[in-house]
Amino acid sequence: MLTVAVQMDPLDSINIAGDSTFALMLSAQARGHKLFHYAPEDLNYSAGRVWTKAHPVTVQRVAGNHFNFGEPVKLDLGDEADVVLMRQDPPFDLGYITATHLLERIADRTLVVNDPAQVRNAPEKVWVLDFAQFMPPTLVTRSVDEAKAFLAEHGEIVVKPLHGNGGKAIFKIGRDGANLSSLIEVFNTAYREPHMVQAFLPDIAKGDKRIVLVDGEVAGAINRLPGEGEIRSNLAVGGSAAKTELTAKEQEICAVLGPELKKRGLLFVGIDVIGGQWLTEINVTSPTGIVAIDRFNGTDTAGMIWDAIEARVAARA
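Remember, it's a predicted structure, so these values are computed and weren't measured experimentally.

Asker: Help me out: how do you make sense of the overall build of the chain in this one?
Answerer: Regarding its fold elements, the chain presents 9 helices and 17 strands. For the chain, whose C-alpha radius of gyration is 20 Å, the value lies close to the compact-globule estimate of 20 Å for 317 residues. Oriented by its inertia axes, the alpha-carbon framework of the chain measures out at about 60 × 45 × 40 Å. Expressed as a percentage of its 317 residues, the buried residues of the chain come to 52%. For the chain, long-range pairs separated by at least 24 residues make up 66% of all intrachain contacts whose partners lie at least 6 apart in sequence.

Structural data, given as structure tokens:
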């Protein structure tokens, strides 16, 4: 039996029908592991120790009554937990980054999934630049002039926050460039970092494939289709999921990424591919999609993740 501390958003706010963290908790509980829940803002550090106020928790797939908390305890994450699941949703802000710094201090004693230092060093839309051979034409900038030149070269573009998530604040700009200057001005006001500008891929109408890799190996995929009048296919903004298979190019992408993910301790990763060939993101913070994948494929991705976690814990013993 493992003691598992789950660092995540409030449990009462999740959609149990599709939430990947909830599926992981159900799977862990079925294996006899002991679960605790805490929020990232409850982390504390002193004299080499990292601890939190955590609730023992049991979960059940009952809408409106899907969890039960025990009395809160002071849980030493370095000495009393075997595994920490870092599963809070982005934004990938200073709060998120600070949590990775604190958890990194116990990573020699407790398995943190995903590895906190590697999560910090692999923002989804930044680390993907290491694999530019698979990406659509991409510009990272705060410059209106550079964005205009990129539009002139590629005809239609998409502009999105570099550290955005869940399909939020993604804008398509047409060939006439209407509102591009205003949009960059708004982004420059809202964000201190540069922004991502990419050539628009018409194949997005056919879907955006989420491929899940577990310890570097492909676990499965779903195709996320945009809603009516949308270019965004994220399930969080109205996209729908469909069964799919990997193309030869997607298999090539996974073969290149897999060993690097395994080496970095990124056990649960979701990558996004458009048109069967264009890699757009590598999601390492709180990837989703395993419930839909398992529904279409009859697989047990949560079980695969726990197999990988248990193997890693055993190897450290």
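Asker: Looking at this structure, I do not really get the pattern of salt bridges. What am I missing?
Answerer: Opposite charge on two side chains permits them to pair, given that their charged atoms come into close proximity. Scanning all chains against the criterion turns up 18 salt bridges. A salt bridge links Arg 120 to Glu 104; the nearest nitrogen and oxygen atoms lie 2.8 Å apart. Of the two residues, Arg 120 is situated in helix α3 (residues 116–120) and Glu 104 in helix α2 (residues 94–104); the sequence distance between them amounts to 16 residues. Taking the shortest distance from any N to any O, the salt bridge between Arg 264 and Glu 260 comes out at 2.9 Å. In this pair, Arg 264 and Glu 260 both sit in helix α7 (residues 248–264), 4 residues apart, roughly one turn of the helix. Note on Arg 264: relative accessible area 19%, which makes it buried. Judged by relative accessible area, which is 21%, Glu 260 ranks as partly exposed. Salt bridges sharing common partners tie together Asp 208, Arg 210, Arg 224 and Asp 272.

Asker: Please clarify how the packing of aromatic side chains should be interpreted in this entry.
Answerer: The geometry of an aromatic ring pair comes down to the distance between the two centres and the angle between the two planes. Applying the stated criterion across every chain yields a total of 5 aromatic pairs. Aromatic ring contacts, followed pair by pair, group Phe 171, Phe 187 and Tyr 191 into a single cluster. In this structure, Lys 74 is placed above the aromatic ring of Trp 51, and the distance from its NZ or CZ to the ring centre is 4.6 Å. Over the ring of Phe 200 we find Lys 172; its NZ or CZ atom is 4.1 Å from the centre of that ring.

Asker: Which parts of the structure should I look at to understand the sheet that holds strand β14 (residues 217–225)?
Answerer: A sheet is described by the order of its strands in space; here 5 strands give the open sequence β15-β14-β13-β16-β17, paired in antiparallel fashion. Pairing within the sheet leaves two strands with one partner each, and these edge strands are β15 (240–243) and β17 (278–283). This sheet shows a mean twist of 30 degrees between the axes of neighbouring strands, independent of strand direction. Helix α8 (residues 290–297) contacts β13 (208–214), β14, β15 and β16 (268–274) of the sheet and is inclined by roughly 95 degrees relative to β14.

About the cut-offs
Residues numbered from 1 in each chain as written. Predicted model: local features only at pLDDT ≥ 70, side-chain atom pairs only at ≥ 80, totals over all residues. Heavy atoms only, no water. Helix = DSSP H or I, 4+ residues; strand = E, 2+ residues; numbered from the N terminus. Rg over C-alpha atoms; globule rule 2.2 N^0.38 Å. Buried < 20%, exposed > 50% of the residue type's maximum accessible area, 1.4 Å probe, protein only. Contact = heavy atoms within 4.5 Å. Salt bridge = Lys/Arg side-chain N within 4 Å of Asp/Glu carboxyl O. Phe/Tyr/Trp six-rings, centres within 6.5 Å; stacked < 30°, edge-to-face > 60°. Lys NZ or Arg CZ within 6 Å of the ring centre and 35° of its normal. Pairing = 2+ DSSP bridges. Axes fitted to C-alpha atoms, helices over the stretch in contact; angles between N-to-C directions.

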